[in-house]
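# Analysis of the macromolecular model
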Protein chains: 2
Amino acid sequence: MSKHTIIRLSRYKNALYRFESLGFVKVFSDNLADAIGVTPSQVRKDFSMFGLSGNKRGGYKVDELLAKLNEILGTNKAHNVIVAGAGNLGSALIKYKGFEKENIKITAAFDIDHSKGERAGEIPVKPFDEMQEYVRQNDIRVGIIAVPDMAAQHVADVMMAGGIKGILNFAPIRLRVDEGIVVNNVNLALELENIIYFICVPMGSGKGIK
Amino acid sequence: MSKHTIIRLSRYKNALYRFESLGFVKVFSDNLADAIGVTPSQVRKDFSMFGLSGNKRGGYKVDELLAKLNEILGTNKAHNVIVAGAGNLGSALIKYKGFEKENIKITAAFDIDHSKGERAGEIPVKPFDEMQEYVRQNDIRVGIIAVPDMAAQHVADVMMAGGIKGILNFAPIRLRVDEGIVVNNVNLALELENIIYFICVPMGSGKGIK
DNA sequence: CGGATAATGTGAAAAAAGTAACGAAATGCT
DNA sequence: AGCATTTCGTTACTTTTTTCACATTATCCG
Ligand SMILES: NC(=O)c1ccc[n+]([C@@H]2O[C@H](COP(=O)([O-])OP(=O)(O)OC[C@H]3O[C@@H](n4cnc5c(N)ncnc54)[C@H](O)[C@@H]3O)[C@@H](O)[C@H]2O)c1
Ligand SMILES: NC(=O)c1ccc[n+]([C@@H]2O[C@H](COP(=O)([O-])OP(=O)(O)OC[C@H]3O[C@@H](n4cnc5c(N)ncnc54)[C@H](O)[C@@H]3O)[C@@H](O)[C@H]2O)c1
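Turning to the site of ligand 1, a few remarks are in order. Close to ligand 1 lie 24 residues; A:Leu89, A:Asp111, A:Lys116, A:Val147 and B:Tyr96 are nearest. More than one chain reaches ligand 1: the nearby residues come from chains A and B. One of the side-chain nitrogen or oxygen atoms of A:Asp111 is found 2.6 Å away from an oxygen atom of ligand 1. Here A:Val147 contributes a backbone N or O atom positioned 2.6 Å from an oxygen atom of ligand 1. For ligand 1, the accessible surface in isolation is 810 Å², of which the surrounding protein chains cover 87%. If you list the elements that add at least two residues to the shell around ligand 1, you get α5 (88-95) and α7 (149-162) of chain A together with α5 (88-95) of chain B.

Following this line, the structure appears as structure tokens:
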């Protein structure tokens, strides 16, 4: 199943929560399409791929659809996540409350610098040495890498050794991982570069215009 | 030109810097392909779309290719960027040194909370009221949104009113923007959800397997 | 110097993703 | 109840993206 499809499912889900809080009890493919910026066909096709069906004229029932999407996406169950690196970015993530409403909970952070222990809110910042054992004991499946580039591969290796299956990586390098390990990279410099390219091109050199 | 192509160009560029620092003077499409995880054909096709050419047997000269990529991507010129919101995420961004090596500089941050002024390093945190004028006077073209969801659309509107053309948005909402404005969204909860889906599926319900 | 080789550049083929179109079924209205 | 209407679900089509394949040409080496 394509990654893009899954991303859209998450977006539908978020849109549905907004519709729900607005008092909607049913939605049409048009509504969802507008909400996330795709065509109604796309919505229906995405749904049909997962056997999500509505009523021929009544659209989709918001609560049912939400329940099914949460089940498909795994967001009906709680997921515990750890963070490696409690520096600038790591502490921002630790303090963020927004993950919990998606049923995702950061349970611990790990850093080689012990002094980071204090300043990161409620979530404990533990010594990095303890990470692998913590991961194993608590059956953690997802880890976030927020350490400097040079340390990222090593951290990934330790995560995998502990049994982690998915990594969200903020370091601007390509991690070498075992078969079956899922890695999503967030490269912010690259996002900015990308924006810069697209705002420069239209008035730009003439190169690169199709 | 496709966004994905541009992202790959940025990746090639990063890989090339690493090759350069390793002493490489020329590279082949194979090297670049391995480095960023695509096929050699893809590399050559990407390059050919921008008239980037190498030598039939000697590959590509690293320094020349880098110069051309930097020109195409706009990274040969410095770009000034502002941040709205100097909270957890905003301050992490402000303190990050990594953007400067891509010739991107955060010149100011803006927050409605004046007390944020102190704790954000060298870059000044100014009152949000001053943002629009600052953007205009300094000809800022790119803004980063790191304010709470509810404030994000308003911040985007002010940015656009000041003349900003590209937005990197961390708030988990879809911004409504004028024609021609480029928006890149970074939705971290969604990235985590996505990872969770893909690590759950293989052993999962059997649903959703193609 | 000339043939062997290795790597490019590109057009054609394949695959993937997205869009449109339309029959079928549920709803509401008279 | 019957009819008109609306919206789904699915199939067929279009567009985009990626991969393949190979002619072309620069380089190496005897
Ligand atoms: N801060 C940002 O806004 C930002 C933006 C883009 C990318 N990034 C990337 O995110 C990562 C983290 O950035 P940051 O600004 O938080 O850096 P930082 O230097 O503030 O924090 C890194 C933390 O990792 C810890 N650390 C170092 N080596 C470690 C190891 N082997 N094991 C465990 N912990 C270790 C350090 O003690 C430090 O606390 C970097 O790879 C950076 O390139 C950050
Ligand atoms: N912190 C994270 O790790 C994280 C993760 C995912 C998403 N996000 C998103 O990033 C955004 C920022 O998150 P955060 O954790 O830094 O929040 P935060 O609450 O720490 O910081 C938000 C800052 O924005 C300021 N602000 C509020 N309204 C404003 C306005 N109208 N104009 C200017 N400034 C204003 C506040 O004073 C505050 O300093 C949010 O949209 C959040 O959903 C953050």
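Often, the extent of an interface is quoted as the loss of accessible area upon association of its parts. For chain A, the assigned domains read domain 1 (3-73) and domain 2 (79-191). Taking only C-alpha atoms, the centre of domain 1 of chain A and the centre of domain 2 of chain A are 31 Å apart.

A few words on the interface of chain A and chain B. Listed by partner, the interface residues are 58 residues for chain A and 59 residues for chain B. For the pair chain A and chain B, the summed buried area comes to about 5,600 Å², and 69% of that belongs to carbon and sulfur atoms. Here A:Lys13 makes a salt bridge to B:Glu193, at a shortest N to O gap of 2.8 Å. On the surface where chain A and chain B come into contact, there are 12 residue pairs in polar contact (both at pLDDT 80 or more).

What counts, and where the lines are drawn
- Residues numbered from 1 in each chain as written.
- Chains lettered and ligands numbered in written order.
- Predicted model: local features only at pLDDT ≥ 70, side-chain atom pairs only at ≥ 80, totals over all residues.
- Heavy atoms only, no water.
- Near = heavy atom within 4 Å.
- Polar contact = N/O pair within 3.5 Å; in protein donor to acceptor, adjacent residues only side chain to side chain.
- Areas by Shrake-Rupley, 256 points an atom, 1.4 Å probe, with all protein chains shown as cover.
- Helix = DSSP H or I, 4+ residues; strand = E, 2+ residues; numbered from the N terminus.
- Domains from an automatic or database assignment.
- Contact = heavy atoms within 4.5 Å.
- Buried area = accessible area lost by both parts, 1.4 Å probe.
- Salt bridge = Lys/Arg side-chain N within 4 Å of Asp/Glu carboxyl O.

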